Amino acid sequence: MSSGLVLKLARAAAKESILTWAAVNRLPWLSAISNSRFFASYPAHVVLNMPSLSPTMTQGNITKWRKQPGEPVSPGQILAEVETDKATIEWEAQEEGFMAKHLVPEGTADIEVGTPVAILAEEADGVASLASFSPGASSPSATVSTAPQPSAAAPSPLPQPTSRPKAQLPQHQVLNMPALSPTMNSGSIVEWKKKVGDSVVPGDVYCEVETDKATISWESQEEGFIACILLPDGSKDVEVGTAALVLVDDKEAVSAFANFKSTDATPAEALAAGPAPTQAAVEVPANVGSVQPPASTEPPVAVSVVAPGSRLRASPYARKLAAEMGATLTGISGTGPEGRIVAADVQGAPRGPSMPAAETPAVKTAAAPASAAPAAPKGGLAPTFVDLPHNQIRRVVARRLLESKQTVPHYYLTMECRVDEMLKLRERINALNSAGQKSGIGGAAPIPKLSVNDFIIKAAAKALKEVPGVNASWFPDFIRQYNNVDISVAVQTPTGLQVPIVKNADLKSLGAISAEIRALAAKAKEGKLLPEDYVGGTFTVSNLGMYGIKQFAAIINPPQAAIMAVGATMPVVALVNGVAKEVPTVLVTLSCDHRVVDGAMGAEWLAAFKAQIENPLLSLF
């Protein structure tokens, strides 16, 4: 047995007791142990570990804490700024509570992923009690054990004849579903490109994964052979971190994994495939006692039902979750300390007609749910409805737009712009394109074919440079104003709304903008957008004019501060040099985040846009 395998097995055994209580994947990019909830001699609290904020991050530097001890924390708020191997990224909270203590100060460098860095109290009155907290001190009197000890009263587990003990399996690596975009929490496996027994080298594609934005290829970073595929083609809503396949170094070892199951791919085994710690021994927090193996598949859990007239005890996040699900807490049994109701109790409670099912991490197979079939009415009549399952893009768009309307204070400004000069210029340029004329030095470059949207994006980009306050985002402690103008363009695709980005639009010509929009729109409709194509816009343009919509108001795309909705070109009668004349106009509506853009600033921006679109020659310079 190689020394590397011995080290992996030792490390897996030491971590097995931790993984029985660790809360896994609380953050989108987290690949190992993340936040851990403790209930011991200290008040109810959550240990926040250094997250993995990019696919290649193994350690990071905390450059600034944005939440100080005693301050309330809500999901989506920024806890700290973390310098990774790629960039400085904001660490967003996934829990509700109160910042109790920083375990590492600002400026701390090279913090390994999974290292405890902060403590979050569930109640404000618990902050003071956690001031003396240190890692490994959640329960000062607890006995630490780095490996599970069998109970004397528990029967020995029966041997499993169909699978080999893990210690006898050849050296292997369990690969988990990766986060292929910054916002990806789960994905669907469209098609495996490799089968069992195939060799792989870095750059080979394992499979196509449908994420919340597009269908992306999962590329190999390792050399080896596919020993086992744990998720079939068409697996739906596979959470990031779920075991997906097994890789071995030698082809002869493939046959040993014929009966390998997803249940054999323990989190400890997955951790062994990650960056190796400096020591084989693993430090276990002191509040984790000796873990007893259960005598049955479902260990008994002590629950407490709220008695009529007694005080209802529930965590803030459990109350929020119940409100979102339309559930009442009075009939839910609490499994937290002193019968406290926690989020898991709300998610696992029986659901009536008014309480929808919460999302669970279970992997759905390709088979369509029964509700997706048309309803069969009585008497042989035609079906009355069809339930269409959500795809990843639809889910994410629905969640983000709902959050925007609920948390961003929208207001709307509408302005009428004449576009007769712009339409004339466009007609002349497109006529040159149709005639096959060339431009540039030596007449080598073709004249571009332009759309109305190209002029609108260019005019919006120049207006953002004139009024930079609109090219900004709201943060709890400051307003971030961007120097670059990256315009997101709303594109409707068969799978849902996409917003690819024209970067540095103010610096690009109309022809360059036109070519880039066409290429991005084609990629969006084919589901082939990459994260760099849609992450990081500073302003959005949504144009429904081609559908004849006269005017509409769009929902802001967070964290941006504004979005412009463009209607159809409509003729109106206006005085031109003292003569009544019909001229084409367009109504544009600016939706603004009032925290960032005051009314006067929004009006100033619309005036700047109007000047650009009504004098289109300015767009050529």
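In this text the structure is predicted, and so the values were computed from the model without any measurement.

Remarks on the overall build of the protein chain
- A count of helices and strands for the protein chain gives ten helices and 31 strands.
- In the protein chain, buried positions account for 43% of the 621 residues.
- Pairs at least 24 apart in sequence give 65% of the contacts found in the protein chain among residues at least 6 apart.
- In the form shown here, the protein chain has an accessible surface area of approximately 31,000 Å², with 56% of it arising from carbon and sulfur atoms.

A closer look at the sheet that holds strand 6 (residues 88-92)
- Taken in spatial order, the four strands make up an open sheet running 6-5-3-8, and their pairing is antiparallel. For this open sheet the edge positions go to strand 6 and strand 8 (111-112), each flanked by a neighbour on one side alone.

Let's talk about the packing of helix 7 (residues 452-466) against helix 8 (residues 510-525)
- Running from amino to carboxyl end, helix 7 crosses helix 8 at an angle of 115°, the nearest separation of the two axes being 9 Å. As for the relative orientation of helix 7 and helix 8, their crossing is right-handed in sense. Residues D454, F455, I457 and K458 of helix 7 form the contact with helix 8, whose own contacting residues are L510, I513, S514 and I517.
- Considering only residue class, the contact of helix 7 with helix 8 consists of five nonpolar, one polar and two charged.

A word on the sheet that holds strand 14 (residues 215-219)
- Pairing is antiparallel in the open sheet, where four strands are placed in the order 14-13-11-16. Sheet topology places strand 14 and strand 16 (238-239) at the edges, where each strand pairs with a single neighbour.
- Inspection of the sheet shows strand 13 (residues 205-210) paired to strand 14 by five bridges, in the antiparallel sense. Bridged to E208 within strand 14 is S217.

Structural notes on unusual backbone geometry
- At the junction of P558 and P559, the peptide bond is cis and its omega measures out at 5° in the coordinates.
- Tracing the backbone through its elements, the reader meets P559 in the loop between strand 29 (539-543) and strand 30 (562-576).
- Of note, the phi angle at D110 is positive, near 55°, even though the residue is not glycine.
- As for its position among the elements, D110 is in the loop between strand 7 (97-102) and strand 8.
- One non-glycine residue with positive phi stands out, namely N504, at about 50°.

With respect to the environment of G107
- Among the structural elements, G107 can be located in the loop between strand 7 and strand 8.
- Judged by relative accessible area, which is 57%, G107 ranks as exposed.
- Sequence separation of G107 and I62 is 45 residues, and the distance between their C-alpha atoms is 5.5 Å.
- Discounting residues that sit within four places of it in the chain, G107 has contacts with I62 and T63.

Overview of a nonpolar patch on the surface
- The grouping of M546, Y547 and I549 at the surface amounts to a nonpolar patch, some 350 Å² of accessible area in total.
- Tracing the chain through its elements places Y547 in the loop between strand 29 and strand 30.

Brief notes about the environment of N484
- Here N484 shows up in the loop between strand 24 (478-481) and strand 25 (487-489).
- Taking relative accessible area as the criterion, N484 reaches 29% and is therefore assigned partly exposed.
- On a C-alpha basis, the gap between N484 and A461 in space is 9.7 Å, while along the polypeptide they are 23 residues apart.
- Apart from residues no more than four positions distant in its own chain, N484 is found in contact with N471, N504 and T538.
- Within the structure, N484 has its side chain in polar contact with the side chain of D486 (distance 2.4 Å).

Focus: the pattern of salt bridges
- Considering all chains together, one arrives at 15 salt bridges under this definition.
- For R418, the salt bridge goes to D420, with nearest N and O atoms at 2.7 Å.
- For R418, a relative accessible area of 30% gives the class partly exposed.
- Between K528 and E526 there is a salt bridge, with the nearest N and O atoms lying 3.9 Å from each other.
- Overall, the relative accessible area of 52% leaves E526 in the exposed class.

Overview of helix 8
- With 16 residues, helix 8 should reach 22 Å at 1.5 Å per residue; the first-to-last C-alpha distance of 22 Å fits that figure.
- The inward-facing, buried residues of helix 8 abut helix 7, strand 26 (491-493), strand 27 (496-498), strand 28 (501-502) and helix 9 (531-534).
- A positive phi of about 70° marks G527, the residue just after helix 8.

Re the nonpolar core
- Counting residues in hydrophobic clusters, the biggest one holds 71 residues, and the most contacted among them are Y206, W218, I487, F539, M564, W605 and F609.
- Element by element, the count of residues in this core is highest for helix 7, at eight residues.
- Sequence-distant contacts of I487, defined by excluding residues within four places in its chain, comprise I457, A460, A461, L464, P500, I501, V502, A505, F539 and V541.
- Of all hydrophobic cores here, the second largest spans 19 residues; its members include V46, V73, V104 and L120.

Analysis parameters
Position numbers for residues start from 1 in each chain and track the written sequence from start to end. At least 70 in pLDDT is required for a residue's local features to be given in this predicted model, at least 80 for side-chain atom pairs to be given and counted, and no such filter applies to totals for whole chains, interfaces and linings, which use all residues. Only hydrogens and water are set aside when side-chain values are computed; all heavy atoms of the structure are taken into account. Where helices and strands are cited, they refer to DSSP runs of H or I of at least four residues and of E of at least two residues respectively, numbered from the N terminus. Accessible area is worked out with a 1.4 Å probe on protein chains only. A residue is then buried under 20% of its type maximum, exposed over 50%, and partly exposed in between. Every residue pair with non-hydrogen atoms within 4.5 Å of one another is taken to be in contact. In short, Shrake-Rupley with a 1.4 Å probe defines the accessible areas, and a residue's cover is counted only from the protein chains shown. The pairing criterion for strands is at least two bridges between them, as found by DSSP. Throughout, an axis means a line fitted to C-alpha atoms (over the contacting stretch in the case of helices), and angles, computed between N-to-C directions, take values from 0 to 180 degrees. By convention, the crossing between two helices is left-handed when the near helix turns anticlockwise from the far helix through less than a right angle, and right-handed when the turn is clockwise. Gly is put with the polar residues, along with every residue not named as nonpolar or charged; the nonpolar set is Ala, Val, Leu, Ile, Met, Phe, Trp, Tyr, Cys and Pro, and the charged set is Asp, Glu, Lys and Arg. Put simply, a patch holds well-exposed residues, over 30% relative accessible area, that have no salt bridge, with like charges counted together within 9 Å and Val, Leu, Ile, Met, Phe, Trp or Tyr side chains within 5 Å. The salt bridge criterion pairs a side-chain nitrogen of Lys or Arg with a carboxyl oxygen of Asp or Glu, the two atoms within 4 Å. Identification of polar contacts relies on pairs of N or O atoms within 3.5 Å, with a donor-acceptor requirement for protein atoms, meaning one able to donate a hydrogen and the other able to accept it, and with residues adjacent in sequence counted only if both atoms are side-chain atoms. Each residue after the first adds 1.5 Å to the expected span of a helix. The term nonpolar core refers to a set of buried residues drawn from Ala, Val, Leu, Ile, Met, Phe, Trp, Tyr and Cys, joined through side-chain atoms within 4.5 Å.

In short, the description is geometric, and any link to function would need to be established separately.
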